[in-house]
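Descriptive analysis of the structure
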2 protein chains.
Amino acid sequence: MRLLVVGSVAFDAVRTPRGAVDRMIGGSATYFSVAASYFTQVRVVGVVGDDFEDEHHQVFIERGVCTEGLERVPGKTFFWSGEYSADLNNRTTLVTDLNVFASFEPKLPPHYRQTPYLFLGNIDPELQSHVHSQMDAPHLVAGDTMNLWIESRRPQLEETLRRIGMLIINDSEARMLSGEHNLVKAARAIRAMGPETLVIKRGDNGATLFRNGEIFSIPALPLEDVFDPTGAGDSFAGGFMGYLAAHLVPGITPAPDVLRRAVIYGSVMGSFAVEHFGLARLRKLSRPEIDERYDEFRRLTRFD
Amino acid sequence: MRLLVVGSVAFDAVRTPRGAVDRMIGGSATYFSVAASYFTQVRVVGVVGDDFEDEHHQVFIERGVCTEGLERVPGKTFFWSGEYSADLNNRTTLVTDLNVFASFEPKLPPHYRQTPYLFLGNIDPELQSHVHSQMDAPHLVAGDTMNLWIESRRPQLEETLRRIGMLIINDSEARMLSGEHNLVKAARAIRAMGPETLVIKRGDNGATLFRNGEIFSIPALPLEDVFDPTGAGDSFAGGFMGYLAAHLVPGITPAPDVLRRAVIYGSVMGSFAVEHFGLARLRKLSRPEIDERYDEFRRLTRFD
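Below is a summary of the structure that appears in this document. (Residues numbered from 1 in each chain as written. Chains lettered and ligands numbered in written order. Predicted model: local features only at pLDDT ≥ 70, side-chain atom pairs only at ≥ 80, totals over all residues. Heavy atoms only, no water.)

Take the sheet that holds strand β9 (residues 140–143) of chain A next. Residues and elements named next belong to chain A. In spatial order, the strands read β5-β4-β1-β8-β9-β10-β11-β12-β13; together these nine strands make up an open sheet with mixed pairing. Every interior strand has two partners, whereas the edge strands, β5 (66–72) and β13 (214–218), have only one. Sheet twist, expressed as the average angle between the axes of neighbouring strands with direction ignored, equals 15°. In this sheet, strand β11 (residues 197–201) lies alongside strand β10 (residues 166–170) in parallel orientation, the contact comprising five bridges. Its bridge partner being in β11, Ile 169 is matched across the sheet by Ile 200. Of the strands in this sheet, β1 (3–6), β8 (117–120) and β9 touch helix α3 (residues 125–133), which is tilted by about 165° from β8. (Pairing = 2+ DSSP bridges. Helix = DSSP H or I, 4+ residues; strand = E, 2+ residues; numbered from the N terminus. Axes fitted to C-alpha atoms, helices over the stretch in contact; angles between N-to-C directions. Contact = heavy atoms within 4.5 Å.)

Here's what the structure looks like:
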């Protein structure tokens, strides 16, 4: 197994202009795992309650994701409910019931410790560092964070940032973390905090990668029907890291071309995620469909 | 002379986070002409007052732009004043003194009528149609518009749209004109109104071209220092149309590759425009600088 992710596994209720779903499996680690599973072998570390049934496990199993690190404890699984605005640009959280996630203390099964690629999903930065401490020198550590931790857990987050090589966050988080509106300045400030590589996810405006003097930027695929933006960012991270875990060579600095392809595969997985509610589209893909959409990005952006 | 533009020639006062300028030459036709002049020969149709001095004329003259169509009448030149927010995303208009522009009735010098490429800058759509009516079958007619005309002059704007082959507007205008938030749907609706090609300018999120089944999308160049966004959209249109006027073959459908290159050159000129106040940067460029920035777009977006 090549790639380990720690993050939330949840039940979501969402309402979007295209409809509503009362309860479906979600969570950052779930979207990430499923997206990454098309590229590499994935292990997930998280916690669920005793309401997490076989059919929910099936989402991981059918994609070959190892769930030995998915702890099951008495109580209810993390539940989140949200509603999107008509233009999908704004999301209102209606319910956040942390449930068993409130006392989550990620423990890695011993044989997980040698996994070469680690993704620290969006959880308390102290837990992110705790997971990292349990690992035996992974080749690459990447992570995500959010406004909550930037505001309330700054010292812990700075400790996490010193440990990771790649940070994958959205534009508003990058601005908040750096205190800079301009994304070039924001990227410089964030990279000075630790991560050598920064990927800024910009929703329907695409994604931009910053690394040393290099910037790679890609628009989003123009989609006519967006059903549900939930999980798009986590799916991006899963596609990006899954591709890297499959193609990087340990001990060798990532080649710019490989990083660029990883950004495209991330964008591809993000674009699939929003085309149906929850994981409905993402879990039923084939590799040819994924590569066809990669080609679509090429046609979208190509010029000579 | 290949390209004719009609639009505003103005004095602007702007305040941005990087400073303020009390009075400098601006206007949509001015930015457009100067940007286009690096690619092709340009004629400008507009009106100025008797406060428009030789030094202001010089902006056109030094770029080889023909100003025979720039009428000079008694009174003051159009004056606009605006202020940008700290993040540059919002602009507040402080003063709009139309002055001589209020009674502008564009009259084309007779030898202007055979100009093969026409750009109808952002003026009352009735005047846009009036200019078009004076032309002898131009090869390509493109145009711009704005929220004011979309709201207050809808029937006249629809008449203009039936006359033009390409529309170059920003994303908020595209949404307002079509009533669709989704840009793919917006583009379909707008193209059904007349223009075969639609270019949507998206500021620091880049630009997207729609034509038949084809979509071409490009991010903006990440810039660390934006001094003054005024005129960026007009400079984009100037670079785009200037390149087309120099490279299209009359009677032959524009090749996709040529249109794509035109979008890049438009983006290049827009990126230069914002790097200093007013026309300060744009009027002092060299073709090698422009082509170097074109290559920068290639490096920014290239993947295999």
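The interface is formed by 32 residues belonging to chain B together with 32 residues belonging to chain A. For the pair chain B and chain A, the summed buried surface comes to about 3,100 Å²; carbon and sulfur atoms form 45% of the total. Per-residue buried area on chain B facing chain A is highest for B:Glu224, B:Phe303 and B:Asp304; these three make up 23% of the total on that side. Linking chain B with chain A are eight salt bridges, by the criterion used here. At the boundary of chain B with chain A, the tally comes to 24 residue pairs in polar contact (both at pLDDT 80 or more). Elements that contribute at least two residues to the side of chain B that touches chain A include exactly α7 (183–192), β13 (214–218), α9 (256–273) and α10 (287–301) of chain B. (Buried area = accessible area lost by both parts, 1.4 Å probe. Salt bridge = Lys/Arg side-chain N within 4 Å of Asp/Glu carboxyl O. Polar contact = N/O pair within 3.5 Å; in protein donor to acceptor, adjacent residues only side chain to side chain.)

In the structure shown here, the tally under the stated rule is 24 aromatic pairs over all chains. Centroid distance A:Phe32 to A:Phe119: 4.4 Å. Interplanar angle 10°. Geometry classified as stacked. In this pair, A:Phe32 sits in helix α1 (residues 28–36) while A:Phe119 sits in strand β8, placing the two residues 87 residues apart along the sequence. The same class applies to A:Phe32 as to A:Phe119, namely buried. Every member of this aromatic cluster is reached through a ring pair, and the members are A:Phe39, A:Phe216, A:Tyr243, A:Tyr265, A:Tyr294 and B:Phe303. Between A:Arg18 and the ring centre of A:Phe227, over which it is positioned, the NZ or CZ distance is 4.3 Å. (Phe/Tyr/Trp six-rings, centres within 6.5 Å; stacked < 30°, edge-to-face > 60°. Buried < 20%, exposed > 50% of the residue type's maximum accessible area, 1.4 Å probe, protein only. Lys NZ or Arg CZ within 6 Å of the ring centre and 35° of its normal.)

Turning our attention to the pattern of salt bridges. What the rule picks out here adds up to 42 salt bridges over all chains. Ionic pairing is found between A:Glu275 and A:Arg281, a salt bridge with its closest N-O pair at 3.0 Å. A relative accessible area of 24% means that A:Arg281 is categorised as partly exposed. Where B:Glu289 meets B:Arg281, a salt bridge forms, and the shortest distance between an N and an O atom there is 3.4 Å. For B:Glu289, a relative accessible area of 31% corresponds to the partly exposed category. Each of A:Glu275, A:Arg281, A:Glu289 and A:Arg293 takes part in one network of salt bridges that share partners.

Residue and element names in this part refer to chain A. Mapped onto the secondary structure, Gly 194 falls in the loop between α7 (183–191) and β11. C-alpha separation for the pair Gly 194 and Gly 233, spaced 39 residues apart in sequence, amounts to 21 Å. Contact partners of Gly 194, with chain neighbours within four places excluded, come to Leu 161 and Ile 164.

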